[in-house]
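Understanding the architecture of this molecule
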Amino acid sequence: MNAARQFRHAARAAAQDAEIAGILRFNIATYDAAVALGRGRFLDWREARRRAEAIKRDAIAQLDRYLEEFERRIIARGAAVHWAPDAAAAREIILEIARRHNVRRVVKSKSMVSEEIHLREALEQAGMATLETDLGEYIVQLRNEPPYHIVTPAMHLRREHIAGLFHQKLGTPADETSPEALVRAARREMRQRFVAADLGITGANFLIADHGLVAITENEGNARLCASLPPVQVVLTGIEKLLPRLADLALFWPLLATAGTGQPITCYNSLLGGPRRGGEPDGPRELHIVLLDNGRSRVLADAAQRELLHCIRCGACLNACPVFQTIGGHAYATTYPGPIGAALTPLLRGPAYDHLAYATSLCGACAEACPVGIEIHHQLLRDRAQAAAARRRPWSERLEIRALAWAAAKPRRFERAGRLARRLLRLRPQAIDGTRLDPLRPWTRYRQAPEPPPQSFRAWWRQRNSPPAPNSMAAEPPS
Amino acid sequence: MTSPIPESRNREAVLGAVRQALRHAASNPAERDAPAQASRSALEFPARGLFSIPAPGEAGVQRFLEECAANRTEVIQIGSEEQASAVLIKILESVMGLEPNPAAIPGAGPAGNTAVVAAGSEGLYVQDAPALRRLLSPLLENLSGRILWSSATACEENRAAGLTLAEALVAQTGSVIVGSDCGGRAASVLPELHIVYARASQIAPDLETALASLGGASANESLFDRASMASVVTGPSRTADIEKLLVLGAHGPRRLIVLLCMNA
Ligand code: SF4
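Cut-offs and rules
Residues numbered from 1 in each chain as written. Chains lettered and ligands numbered in written order. Predicted model: local features only at pLDDT ≥ 70, side-chain atom pairs only at ≥ 80, totals over all residues. Heavy atoms only, no water. Helix = DSSP H or I, 4+ residues; strand = E, 2+ residues; numbered from the N terminus. Buried < 20%, exposed > 50% of the residue type's maximum accessible area, 1.4 Å probe, protein only. Areas by Shrake-Rupley, 256 points an atom, 1.4 Å probe, with all protein chains shown as cover. Contact = heavy atoms within 4.5 Å. Pairing = 2+ DSSP bridges. Axes fitted to C-alpha atoms, helices over the stretch in contact; angles between N-to-C directions. Salt bridge = Lys/Arg side-chain N within 4 Å of Asp/Glu carboxyl O. Domains from an automatic or database assignment. Left-handed = near helix turned anticlockwise from the far one by under 90°. Nonpolar A, V, L, I, M, F, W, Y, C, P; charged D, E, K, R; others polar. Buried area = accessible area lost by both parts, 1.4 Å probe. Patch = residues over 30% accessible without salt bridge, like charges linked within 9 Å, V, L, I, M, F, W, Y side chains within 5 Å. Lys, Arg positive; Asp, Glu negative; His and termini not counted. Charge placed at Lys NZ, Arg CZ, Asp CG, Glu CD. Polar contact = N/O pair within 3.5 Å; in protein donor to acceptor, adjacent residues only side chain to side chain. Core = buried A, V, L, I, M, F, W, Y, C linked by side-chain atoms within 4.5 Å. Expected span 1.5 Å × (residues − 1). Phe/Tyr/Trp six-rings, centres within 6.5 Å; stacked < 30°, edge-to-face > 60°. Lys NZ or Arg CZ within 6 Å of the ring centre and 35° of its normal.

Time to look at the overall build of chain A. Counting its secondary structure elements, chain A contains 22 helices and ten strands. Taking the principal axes of its C-alpha atoms as reference, chain A extends roughly 95 × 55 × 45 Å. Burial status across chain A gives 56% buried among its 479 residues. Surface accessibility of chain A: about 20,600 Å² in total, with carbon and sulfur atoms responsible for 55%.

Quick look at the structure:
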């Protein structure tokens, strides 16, 4: 089954799952309330977004310079910087580092880029036990599924699900469902793995050019532990994460926290300057930074689309999206779900993911939520245009669009076509509603067919604006 | 795999692709840095004017206390070093399972706190700094064998508490900034309790000021020339991954206590 059909099936199934719908509604309502409060802490949220957008635009427009500056400065403090054109290269670089150090046990903190390159699978295949240590990621790893959301990986689960899972995997009491106890159990379990780990892997939220720093944002402390305890550390991240200056974080830290969870600032914002220095009691002896391209430079080449690289992965657009709210995160079957994933995936992974550009109502709620002002809905439309221009759409759709274009080209033609369409709609027998015989099935399967209006909007408008005929009532607008 | 990674080729491949993409896009006159240029001067201080920031001094302390209350950092205001020692021993008594031993310490602090003897097996990990040596000196005898100094060893998993200084405090967010020169990287994240000994004069009004001081006035005054890592810590470790419910002590400290010296 191809990705598009798979998506339709998964989306349909998810949309009908009442339990998930309830969980998502609760989660997103809680999030919305926190974000509304959080935004209120900004004196001017719109100005903050404008500045963030301008800073990212500058960072991306001079990405080559900033990357080299970052590289030069962090290498000067003893870190190693590796460049990976694609996922395979990134995996090989990291496996090579791991082999060199005879790594057997790996601890990881949250990194969407590591999901993108399927790093955990690669490490495990090479015989290295790899543990996701972010609590949400740990839960979905135990369940053997991908994260549901880029910020809250276990968003689709209730505490009973997690209690059952921990009972089965960690031996907690079956009736222990208090979040405190579950968190304690996970912490205890993971502590020993931290202490025994030979390699720590983290992502990065920002790379700071002017000081050569890796900035990592988290609430739990697991990324700090990954950067403190194992003797070797790898930071895996995308090339688009650059910010020009350390000072930019005074804006981006509160911005990311507010959009991500509604917090004024995330609990831990760490800055890595290099491996352990002489005289320091702990920290990795080696720090490796892996900078991944994997299609990003292709997005960069298109001036109209490159703003997608401004994304700071806050997850706000997912929560705001009516499609995400209906089908959830797993149906997308992509690393990045929701609006940003729908816009990016066809560009990063090619035409097999064209269908995601259609998984949107183009309502613009995503753009409204985005803290760096990406016009995500316009990007989705652009993805569609690209697919159409490359003739990647089915012949039936192309024919329909052609017919529509022809009909809409001349006012008279449009009027006649409208009349014909209304007549055909009226002739359509009610009995076929929603059945396979119904040409309107995609709509009527779950909804009533619309009643065709008695007249066109244009006719109604003409009538409304002409002096009332003696025997007509005030015209009602067609519904 | 035996062949080494063609690192330099990878580097050229990625940077080359980026450069070509930028050239490609630059040929589109609508784009390339025009909008960024326009606003660059305003972006010298990206956060300025976006947050309500306390004036330095009293207001800064007040705001720091408020933000800490909101983010669950426990702040104890301290007047003198002796008082700090007394408060510290009270805390250690409760978290390390220390038991009072009336005979042991002569002249213990004004809180009338008494001597202690080791009861549990866990101890304290302390950044080796003169200020903390002084702070602990009245307690050294009683804690002997239960203190690990950062000059001697790395923080271990079984430490009940980590005691460190801070690089700076931030009023705007109620944050404590610790560097790896504050007793290493693990001291402030591995134990269940992190105790920070800081002065009110270390409070920076906002993140902008705090970041500027980390970066240093000139390139070689940066914190990162003496510390390999720093963390802006805002409250104890937390998670809301289970039903959005806040739980403290996810992986890091469950409690963060700041002993805030009000004078000097
Ligand atoms: S596109 Fe914007 S809203 Fe969506 S994750 Fe990225 S930064 Fe957040």
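What follows concerns the overall build of chain B. Secondary structure assignment for chain B yields seven helices and 14 strands. Put simply, chain B has 264 residues, and 53% of those count as buried. Across chain B, every contact between residues at least 6 apart in sequence was considered, and the portion connecting residues at least 24 apart equals 68%. About 10,800 Å² of surface is accessible on chain B, with carbon and sulfur atoms providing 53% of the total.

Attention shifts here to the sheet that holds strand β7 (residues 232-238) of chain A. All names here are of chain A. With parallel pairing, the six strands of this open sheet are ordered in space as β1-β10-β7-β4-β2-β3. Looking at which strands have only one partner, the edges of the open sheet turn out to be β1 (80-84) and β3 (129-132). The sheet shows a mean angle of 20° between the axes of neighbouring strands, taken without regard to direction. As paired elements, strand β4 (residues 199-202) and β7 share four bridges and run parallel to each other. Each bridged residue has a counterpart across the sheet, and for I201 the counterpart in β7 is V234. Along the sheet face, helix α4 (residues 63-76) touches β1 and β10 (286-292) and points at about 145° away from the line of β1.

On to the pattern of salt bridges, then. Residues and elements named next belong to chain A. Counted by the stated rule, this structure contains 42 salt bridges over all chains. The closest approach of N and O atoms between E19 and R158, which form a salt bridge, is 3.4 Å. In this pair, E19 sits in helix α2 (residues 18-39) while R158 sits in the loop between α8 (135-142) and α9 (159-170), placing the two residues 139 residues apart along the sequence. Here E92 ties to R99 by a salt bridge, and the two come within 3.3 Å at their closest N and O atoms.

The next thing to look at is the domain arrangement of chain A. Parsing chain A into structural domains produces domain 1 (1-36 + 303-391), domain 2 (41-294) and domain 3 (395-464). Each of domain 2 of chain A and domain 3 of chain A was reduced to a C-alpha centroid, and the two centroids are 51 Å apart.

Once that is clear, we can look at the packing of helix α3 (residues 45-61) of chain A against helix α12 (residues 249-260) of chain A. Residue and element names in this part refer to chain A. Viewed as axis vectors pointing N to C, α3 and α12 meet at an angle of 115°, and their least axial separation amounts to 11 Å. Two packed elements cross with a definite hand, and for α3 against α12 that hand is left-handed. Where α3 approaches α12, its residues W45, A48, R51, A52, I55 and K56 are matched on the opposing element by L251, F252, L255 and T258. Residue composition of the contact of α3 with α12, grouped by class: seven nonpolar, one polar and two charged.

For a regular strand, side chains alternate in direction, first toward one face of the sheet and then toward the other. Residue and element names in this part refer to chain B. Along strand β6 (residues 161-164), one buried face is formed by A161 and L163 and the opposite face, lined by G162 and T164, is buried too. Pairing between strand β4 (residues 124-126) and β6: three bridges, direction parallel. By the bridge assignment, V126 is partnered in β6 with L163. Sheet analysis places β6 next to strand β9 (residues 193-199), joined by four bridges and oriented parallel. Residue pairing across strands places L163 opposite I195, the latter belonging to β9.

A few words on the interface of chain B and chain A. Taken together, the 88 residues of chain B in the interface contact 105 residues of chain A. Taken together, both faces of the contact between chain B and chain A bury some 8,000 Å²; the carbon and sulfur share is 60%. Linking chain B to chain A there are nine salt bridges. As a salt-bridge pair, B:R19 and A:E68 come within 3.1 Å of each other at their nearest N and O atoms.

Residues and elements named next belong to chain B. The six strands lie next to each other as β1-β14-β9-β6-β4-β5, forming an open sheet whose pairing is parallel. A single partner strand is all that each edge strand has here, and the edge strands are β1 (74-78) and β5 (147-149). If you compare each strand with its neighbour and ignore which way they point, the axes differ by 20° on average. Seen against the sheet, helix α3 (residues 58-71) touches β1 and β14 (255-261) and runs at an angle of roughly 145° to β1. Most of the contacts of helix α4 (residues 81-96) go to β9, to which it runs at about 175°, and overall it touches β1, β4, β6, β9 and β14.

A cluster of basic side chains, namely A:R5, A:R8, A:R12, A:R436 and A:R445, defines a positive patch on the protein surface. On the secondary structure map, A:R436 appears in the loop between α20 (411-427) and α21 (441-444).

So, on to α8(A). All names here are of chain A. In terms of residue burial, α8 counts as a mostly covered element, since seven of its eight residues are buried. Those residues of α8 not exposed but buried are L135, G136, E137, Y138, I139, V140 and Q141. A side-chain oxygen of the first residue of α8 lies 3.1 Å from the backbone nitrogen of G136; this N-cap is D134. The first or second residue beyond α8 is N144, which carries a positive phi of 60°.

Counting 137 residues, the largest nonpolar core has A:F206, A:V214, A:L249, A:F252 and A:W253 as the members making the most contacts within it. Not counting the four nearest positions on each side in its chain, A:F252 is found in contact with A:A52, A:I55, A:K56, A:F206, A:L243, A:I312 and A:V372. If you look at the next biggest cluster of nonpolar residues, it comprises 29 residues, including A:I139, A:V183, B:L148 and B:I242.

Assignment of secondary structure puts B:S180 in the loop between β8 (175-179) and β9. For B:S180, a relative accessible area of 2% puts it in the buried group. Sequence separation between B:S180 and B:Q127 is 53 residues, and the spatial gap between their C-alpha atoms is 10.0 Å. One polar contact links B:S180 to A:E280, side chain to side chain, over a distance of 2.7 Å.

Now for helix α10 (residues 179-196) of chain A. Taking 1.5 Å of rise per residue, the 18 residues of α10(A) would be expected to cover 26 Å, and the 26 Å separating its terminal C-alpha atoms lies within 8% of that figure. Every buried residue of α10(A) is accounted for by A:P179, A:L182, A:V183, A:A185, A:A186, A:R187, A:M190, A:R191 and A:F194.

Moving on to a nonpolar patch on the surface. Together, A:L420, A:L424 and A:L427 make up an exposed nonpolar region whose accessible area comes to about 340 Å². Note that A:L420 resides in helix α20.

All right, on to the environment of B:V176 then. Residue and element names in this part refer to chain B. With respect to the helices and strands, V176 occurs in strand β8. As for V176 and T234, which are separated by 58 residues in sequence, their C-alpha atoms are 6.4 Å apart. Ignoring sequence-local partners within four residues, the contact set of V176 consists of A166, A168, L169, V196, S231, V232, V233 and V258.

Aromatic ring pairs are described here by two measures, namely the spacing of the ring centres and the angle between the planes. Residue and element names in this part refer to chain A. Applying the stated criterion to the full structure yields ten aromatic pairs over all chains. By way of ring pairs, the aromatic residues F7, Y148, F324 and Y332 are connected into one cluster. The ring of Y268 carries R224 above its face, with NZ or CZ at 4.7 Å from the centroid. Taking the ring centre of W443 as reference, the NZ or CZ of R447 above it sits at 4.2 Å.

So, on to the side chain of B:D241. Mapped onto the secondary structure, B:D241 falls in the loop between β12 (238-239) and β13 (247-248). One buried charged side chain, B:D241, makes no salt bridge at all; its nearest oppositely charged neighbour is B:K244, positioned 7.3 Å away. A distance of 2.7 Å separates a polar side-chain atom of B:D241 from the backbone nitrogen of A:G136.

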